[in-house]
Amino acid sequence: MSSRSTQILEAAARVIARRGVRGLRVEELAAEAGVSTGLIYYHFKDRTGILRHTLEFINDRAERYTNQRDPDAEPLGPREELDEVLLLELQDVPEVRENSTAWGELRASAVFDPILREDLARATLVWVQEVAALLGQVRPMAPAAALAAAAERLTALLEGLSMRWLSGGIGIEHARTLLREAIDVELASLNRP
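Being a predicted model, the structure only gives us computed values, none of them experimental.

Rules used in this analysis
Residues numbered from 1 in each chain as written. Predicted model: local features only at pLDDT ≥ 70, side-chain atom pairs only at ≥ 80, totals over all residues. Heavy atoms only, no water. Helix = DSSP H or I, 4+ residues; strand = E, 2+ residues; numbered from the N terminus. Rg over C-alpha atoms; globule rule 2.2 N^0.38 Å. Axes fitted to C-alpha atoms, helices over the stretch in contact; angles between N-to-C directions. Parallel < 35°, antiparallel > 145°, perpendicular 65-115°, else oblique. Left-handed = near helix turned anticlockwise from the far one by under 90°. Contact = heavy atoms within 4.5 Å. Nonpolar A, V, L, I, M, F, W, Y, C, P; charged D, E, K, R; others polar. 1 Å grid on protein atoms, 1.4 Å probe; cavity = no way out; pocket = protein on both sides within 12 Å on 5 of 7 lines; lining within 4 Å. Points joined across faces, edges and corners; volume = space filled by probe spheres on them. Phe/Tyr/Trp six-rings, centres within 6.5 Å; stacked < 30°, edge-to-face > 60°. Lys NZ or Arg CZ within 6 Å of the ring centre and 35° of its normal.

Colleague: Explain the overall build of the protein to me, please; I cannot follow it from the model alone.
Modeller: Regarding its fold elements, the protein presents nine helices and zero strands. Helices (α) and strands (β) of the protein occur, in sequence order from the N terminus, as α-α-α-α-α-α-α-α-α. Rg of the C-alpha trace for the protein: 18 Å, near the compact-globule value of 16 Å for 193 residues, within the 12% margin. Taken along its principal axes, the extent of the C-alpha atoms in the protein is 60 × 40 × 30 Å.

Colleague: Mind showing me how you'd approach the packing of helix H7 (residues 114-138) against helix H8 (residues 144-166) here?
Modeller: For any two helices packed against each other, one specifies the crossing angle of their axes together with the interaxial distance. Between H7 and H8, the least distance of the axes is 8 Å, while the angle of their chain directions is 120°. In terms of orientation, H7 lies oblique with respect to H8. Seen along the crossing, H7 lies across H8 with a hand that is right-handed. Here H7 contributes Trp-127, Val-128, Val-131, Ala-132, Leu-135 and Gly-136 to the contact with H8, which in turn contributes Leu-147, Ala-148, Ala-150, Ala-151, Glu-152, Leu-154, Thr-155, Leu-158 and Glu-159. Here the residues of the contact of H7 with H8 sort into eleven nonpolar, two polar and two charged.

Colleague: Sorry, what's going on with the layout of surface pockets here?
Modeller: Once rolled over the atoms, a probe with the size of a water molecule shows which space is left empty. A volume near 650 Å³ is recorded for the largest pocket. The set of elements that each furnish at least two residues to the lining of the largest pocket consists of helix H4 (47-67), helix H6 (94-110), H7 and H8. For the lining of the largest pocket, the element with the most residues is H4, which contributes eleven residues. Class assignment for the residues of the lining of the largest pocket results in 13 nonpolar, seven polar and nine charged.

Colleague: Quick question: what am I supposed to make of unusual backbone geometry here?
Modeller: Non-glycine residue Lys-45 carries a positive phi angle of around 70°. Structurally, Lys-45 is set in the loop between helix H3 (37-44) and H4.

Colleague: Is there a simple way to explain the packing of aromatic side chains in this structure?
Modeller: Throughout the structure, instances matching the rule amount to one aromatic pair. The ring of Phe-112 carries the charged tip of Arg-22 above its face, separated from the ring centre by 4.7 Å.

Given below as structure tokens:
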């Protein structure tokens, strides 16, 4: 992706996080990105293209900050990797706050937008599959359906905890504690026959 496209997508994530999907105006996006509206339409064709690419950008950025590790660090065990990948979604840093807020705004708008709903469903499915794979590394004998169900519950809980934290309903440490406890519960349930 070109640096101009990335610049526009970074601006789109900021605008969506700040104003919501319904508040996204191409003129405001152009001003935020420091480009012309024509350049935005050149790269993304229309508003739907902007939203689709922004969702993809947000997913890619989340994957980077949840999977990026120091190459010289000791490798993590399966359980530590599972915890880290999920808990890194609850960091009080601007990039994570913006990403999580924009994701929540895109999710809320998908209720009314079938195209966005499909894209979000695909992105969510990929996320659930990734978490199920991590759970499977911790509990390799668990049935695939049980791993998928546990991953579905954990990712849904994480989204809810993130929104409560971002909206001031709970503190970040409490959200992280609740998520850790939920991981323990899910792993224990995967031990049962």
